[in-house]
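# Structural characterization, general
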Amino acid sequence: MTHEELIADGYKAYENEGLAVYWKPSICAHAGECVRGDGEVFNFARRPWIILDEAKNEKVAEIVSRCPSGALKFIKKG
Ligand code: SF4
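I will try to describe carefully the structure that is included in this document. Being a predicted model, the structure only gives us computed values, none of them experimental.

Attention shifts here to the side chain of Lys24. Relative to the helices and strands, Lys24 resides in the loop between strand E2 (19-23) and helix H2 (33-37). A relative accessible area of 15% places Lys24 in the buried class.

Bringing the environment of Trp23 into the picture now. Along the chain, Trp23 falls in strand E2. Trp23 sits in the buried class, given a relative accessible area of 10%. Sequence separation between Trp23 and Tyr11 is 12 residues; the distance between their C-alpha atoms is 5.0 Å. The residues contacting Trp23, other than those within four sequence positions of it, are Gly10, Tyr11, Lys12, Tyr14, Cys28, Phe44, Trp49, Ile50, Ala71 and Leu72.

Each regular strand carries side chains that alternate between the two faces of the sheet. One ladder, built from four bridges, connects strand E1 (residues 12-15) with E2; its direction is antiparallel. Residue pairing for E2: Ala13 is matched across the bridge by Tyr22. Linking two consecutive strands that pair antiparallel, namely E1 and E2, is a turn of three residues.

As a further point, take the site of the ligand. Of all residues adjacent to the ligand, which total 13 residues, the nearest are Cys28, Ala29, Cys34, Cys67 and Ser69. Of the residues in the shell around the ligand, the class split is nine nonpolar, three polar and one charged.

All right, on to the environment of Glu54 then. Tracing the sequence through the fold places Glu54 in the loop between H2 and helix H3 (57-64). Placed 36 residues apart in sequence, Glu54 and Gly18 show a C-alpha to C-alpha distance of 7.0 Å. Among residues more than four places away in sequence, those in contact with Glu54 are Asn16, Glu17 and Gly18. Within the structure, Glu54 has its side chain in polar contact with the side chain of Asn16 (distance 3.4 Å).

What follows is about H3. Those residues of H3 that sit buried are Asn57, Val60, Ala61, Ile63 and Val64. Along the axis of H3, the buried positions cluster into a sector of 160°, meaning they face one direction only. The elements touched by buried residues of H3 are E2, H2 and strand E3 (72-76).

Rules and cut-offs
- Each chain has its residues counted from 1, following the order in which its sequence is written.
- Given that the model is predicted, a residue must reach a pLDDT of at least 70 before its local features are reported, and side-chain atom pairs must reach 80 or more before they are shown or counted; all residues, however, enter totals for whole chains, interfaces and linings.
- Think of the side-chain values as coming from all heavy atoms in the structure, minus any hydrogens and water.
- Starting at the N terminus, helices and strands are each numbered in turn, a helix being any DSSP run of H or I of at least four residues and a strand any DSSP run of E of at least two.
- Only protein chains enter the accessibility calculation, which uses a 1.4 Å probe; a residue whose area is less than 20% of its type maximum is buried, one above 50% is exposed, and one in between is partly exposed.
- Contact definition: two residues touch when any of their heavy atoms are within 4.5 Å.
- Only strands joined by at least two bridges in the DSSP assignment are considered to pair.
- Nearness is defined per residue: one heavy atom within 4 Å of the molecule or strand is enough.
- Amino acids are sorted into nonpolar (Ala, Val, Leu, Ile, Met, Phe, Trp, Tyr, Cys and Pro), charged (Asp, Glu, Lys and Arg) and polar (every other residue, Gly among them).
- By the criterion applied in these results, polar contacts are pairs of N or O atoms within 3.5 Å in which, for protein atoms, one can donate a hydrogen and the other can accept it, and in which residues neighboring in sequence qualify only through two side-chain atoms.
- Arc definition: it is the arc formed by the directions from the helix axis to the C-beta atoms.

Coordinates in, geometry out; function isn't part of it.
Quick look at the structure:
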C-alpha cells in the first residue's frame with residue numbers, strides 16, 4: 001500500500017529520513033512483539049509511542065514485519 005492508502009485506512013505515520021512506519025490502533029492486538037523487539041523504539045507508555053532511530057531502520061523494518069496483527073507496516077524511503 002502507498003502512504004496515502006495507509007493513512008486513508010486509519011494508519012498513523014511515524015517517519016524519519018529513511019523509513020516510514022505505520023500503525024493502525026484499531027487492529028493492534030497489543031501482543032507486544034514490537035516492544036520486545038526494541039523497547040526504545042516501541043514504548044506504549046510514551047507519546048509518541050514510536051520514536052524511530054535512523055541507525056536502527058533495518059532492525060525496525062524487520063520487527064515491523066513480525067507484527068502478528070498487521071497493525072504495523074513500513075515503507076522504506078530514499
Ligand atoms: S506487534 Fe503489532 S499487534 Fe503487537 S503490540 Fe506491536 S503493533 Fe500491536
